[in-house]
Amino acid sequence: MLICHTIKEIKSFTRQAASQGKTIGFIPTMGYFHAGHLSLMSEAKKICNVVVSSIFVNPIQFGPQEDFTCYPRDIERDKRLAEEVGVDAIFIPSAEEMYPPRFSTFVETKKITDCLCGKSRPGHFQGVTTVVTKLFNIIQPDMAFFGQKDFQQAAIIRRMVEDLNLEVKIILVPTVRDKDGLALSSRNVYLTPTQRQAALSIPKSLALAAQIVENGERDPAKVKMAVSGVLAAEPLVEIDYVEIYSLPHLEEISFLQGEVLLAVAAKVGKTRLIDNLVLKIPDNKVNHPK
Ligand code: PAF
């Protein structure tokens, strides 16, 4: 597996692969790999000739009070894991390589960034879209793989790719969960055993929502209330948001129909966790019996 620290090195690798007619799959990451990252890489492996990942804890997507400095890092372990899955090259740039002293250009997607994490973390998505645009320009992948756990991030990147006519297909890969249901996240490492137990109320609340909808509830306010109830019953959990939006554009709705996103963000201790569920609402047969 090739390790590149400079833009020049990784460009020369990906340009050569492209000139040989190979398709390039790309997985941008901030490292500290878990099975979620590895599943993105495995998906890429299945459908692309060459798989490239990047590890870069992107300073401009963290707010001043957020966990940039203590974000977990273990590059040597990441390299081993990526190699085991068959990644062909990893790009591990320094902050100076990505943001040289005179750097002053940012990419911003509007509207779809106004809700959910965009509302709670001002500036976060501008940092994400800026670094992802740079990475896409550097790597020039045919396909890029993102996890469903960060659903809004993937939706924003899809919007950006369409708006800026970028030549990359965005592939969404299902969230990977631990056996107990907690969505895998590099930040789970911050949780104490007690906090981790409390955090399980997040997947439990989503499962309850799925059940309620399955039973015929079509009022988003009632579903949100049920989810909030489960989370609020856990004293260690501080709700940031519980929201339901229509897909694919993340618009507000007053009635559940078609495909909708139920998204949750909560703090457990100092750790901010997110999770979501895509609900496919069947035709309204339960509410309108024949
Ligand atoms: O999801 C992440 O790990 C990051 O937001 C990303 C896409 C690598 C950009 O820094």
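Scroll up a little and you will see the structure.
This section reports on the structure supplied with the text. All figures in this text were calculated on a predicted structure; none of them were measured in a lab.

## Thoughts on the pattern of salt bridges
Piece 1. Summed over all chains, the structure comprises 15 salt bridges.
Piece 2. Note that Glu108 and Lys110 form a salt bridge whose closest N and O atoms lie 3.8 Å from each other.
Piece 3. Residue classification places Lys110 among the exposed positions, given a relative accessible area of 59%.
Piece 4. Notably, a salt bridge pairs Lys224 with Glu243, separated by 3.3 Å at the nearest N-O pair. Of this pair, Lys224 sits in helix H10 (residues 220-232) while Glu243 sits in strand S7 (residues 237-246); the two residues are 19 residues apart in sequence, bridging distant segments of the chain.
Piece 5. The class of Lys224 is partly exposed, set by a relative accessible area of 24%.
Piece 6. Among the charged side chains, a network of salt bridges with common partners joins Arg159, Glu162 and Asp163.

## Looking at the sheet that holds strand S8 (residues 251-252)
Piece 1. The strand order across the open sheet built from four strands is S8-S7-S9-S10, with neighbouring strands paired in antiparallel fashion. Each edge of the open sheet carries a strand with a single partner, namely S8 and strand S10 (271-281).
Piece 2. Sheet topology places S7 next to S8; two bridges connect them, and they run antiparallel. Bridging from a neighbouring strand, Tyr245 pairs with Glu252 of S8.
Piece 3. Along the sheet, helix H9 (residues 201-214) contacts S7, strand S9 (258-268) and S10; its crossing angle with S10, the most-contacted strand, is approximately 15 degrees.

## Let's talk about the site of the ligand
Piece 1. Taken together, Pro28, Thr29, Met30, Asn58, Gln61, Val128, Val131 and Gln153 are the residues near the ligand.
Piece 2. The side chain of Gln61 places a nitrogen or oxygen atom 2.6 Å from an oxygen atom of the ligand.
Piece 3. For the ligand, an oxygen atom lies 2.7 Å from a polar atom in the side chain of Gln153.
Piece 4. The fraction of the free accessible surface of the ligand (290 Å²) that becomes covered by protein chains is 88%.
Piece 5. For the shell around the ligand, the secondary structure elements donating two or more residues are strand S2 (24-29) and helix H6 (124-139).

## A closer look at the packing of aromatic side chains
Piece 1. Here the structure, examined in full by the defined rule, presents six aromatic pairs.
Piece 2. Residues Tyr99 and Phe103 carry aromatic rings whose centres are separated by 4.9 Å and whose planes lie at 75 degrees to one another, so their mutual orientation is edge-to-face.
Piece 3. An aromatic cluster of at least three residues, connected via ring pairs, comprises Phe56, Tyr99, Phe103 and Phe106.
Piece 4. The ring of Tyr32 carries the charged tip of Arg77 above its face, separated from the ring centre by 5.7 Å.

## Description of the packing of helix H1 (residues 7-19) against H6
Piece 1. Packing of H1 against H6 brings their axes to within 8 Å, and their N-to-C directions diverge by 55 degrees. Accordingly, the angle class assigned to the pair H1 and H6 is oblique. For the pair H1 and H6, contact is made by Ile7, Ile10, Lys11, Thr14 and Arg15 and by Asn137, Ile138 and Ile139, respectively.
Piece 2. The class makeup of the residues in the contact of H1 with H6 is four nonpolar, two polar and two charged.

## So, H6
Piece 1. For H6, which comprises 16 residues, the first-to-last C-alpha distance of 22 Å matches the rise-based estimate of 22 Å (1.5 Å per residue) to within 8%.
Piece 2. Most of H6 is tucked away: 13 of the 16 residues are buried.
Piece 3. Positioned one or two residues after H6, Gln140 has a phi angle of 50 degrees, which is positive.

## A word on the nonpolar core
Piece 1. In terms of nonpolar packing, the biggest core is built from 45 residues, with Phe91, Phe136 and Leu250 touching the most fellow members.
Piece 2. Of all the elements, H6 adds the most residues to this core, at eight residues.
Piece 3. When neighbours within four sequence positions are excluded, Leu250 is seen to be in contact with Ile112, Cys115, Leu116, Phe151, Gln152, Ala155, Tyr245 and Leu261.
Piece 4. Listed in part, the 24 residues of the second largest apolar core include Val242, Ile244, Leu256 and Leu279.

## Some words on unusual backbone geometry
Piece 1. Between Leu247 and the following residue, Pro248, the backbone shows a cis peptide bond with an omega angle of 10 degrees.
Piece 2. With respect to the element layout, Pro248 can be found in the loop between S7 and S8.
Piece 3. The phi angle at Leu116 is positive, at roughly 45 degrees, despite the residue not being glycine.
Piece 4. By secondary structure assignment, the location of Leu116 is in helix H5 (residues 116-120).
Piece 5. Since its relative accessible area comes to 4%, Leu116 is described here as buried.
Piece 6. Of note, Asn165 is a non-glycine position whose phi angle comes to about 50 degrees, a positive value.
Piece 7. Structurally, the position occupied by Asn165 is in the loop between helix H7 (151-163) and strand S6 (169-173).

Rules used in this analysis
- Residues numbered from 1 in each chain as written.
- Predicted model: local features only at pLDDT ≥ 70, side-chain atom pairs only at ≥ 80, totals over all residues.
- Heavy atoms only, no water.
- Salt bridge = Lys/Arg side-chain N within 4 Å of Asp/Glu carboxyl O.
- Buried < 20%, exposed > 50% of the residue type's maximum accessible area, 1.4 Å probe, protein only.
- Helix = DSSP H or I, 4+ residues; strand = E, 2+ residues; numbered from the N terminus.
- Pairing = 2+ DSSP bridges.
- Contact = heavy atoms within 4.5 Å.
- Axes fitted to C-alpha atoms, helices over the stretch in contact; angles between N-to-C directions.
- Near = heavy atom within 4 Å.
- Polar contact = N/O pair within 3.5 Å; in protein donor to acceptor, adjacent residues only side chain to side chain.
- Areas by Shrake-Rupley, 256 points an atom, 1.4 Å probe, with all protein chains shown as cover.
- Phe/Tyr/Trp six-rings, centres within 6.5 Å; stacked < 30°, edge-to-face > 60°.
- Lys NZ or Arg CZ within 6 Å of the ring centre and 35° of its normal.
- Parallel < 35°, antiparallel > 145°, perpendicular 65-115°, else oblique.
- Nonpolar A, V, L, I, M, F, W, Y, C, P; charged D, E, K, R; others polar.
- Expected span 1.5 Å × (residues − 1).
- Core = buried A, V, L, I, M, F, W, Y, C linked by side-chain atoms within 4.5 Å.

These figures capture arrangement, not role.
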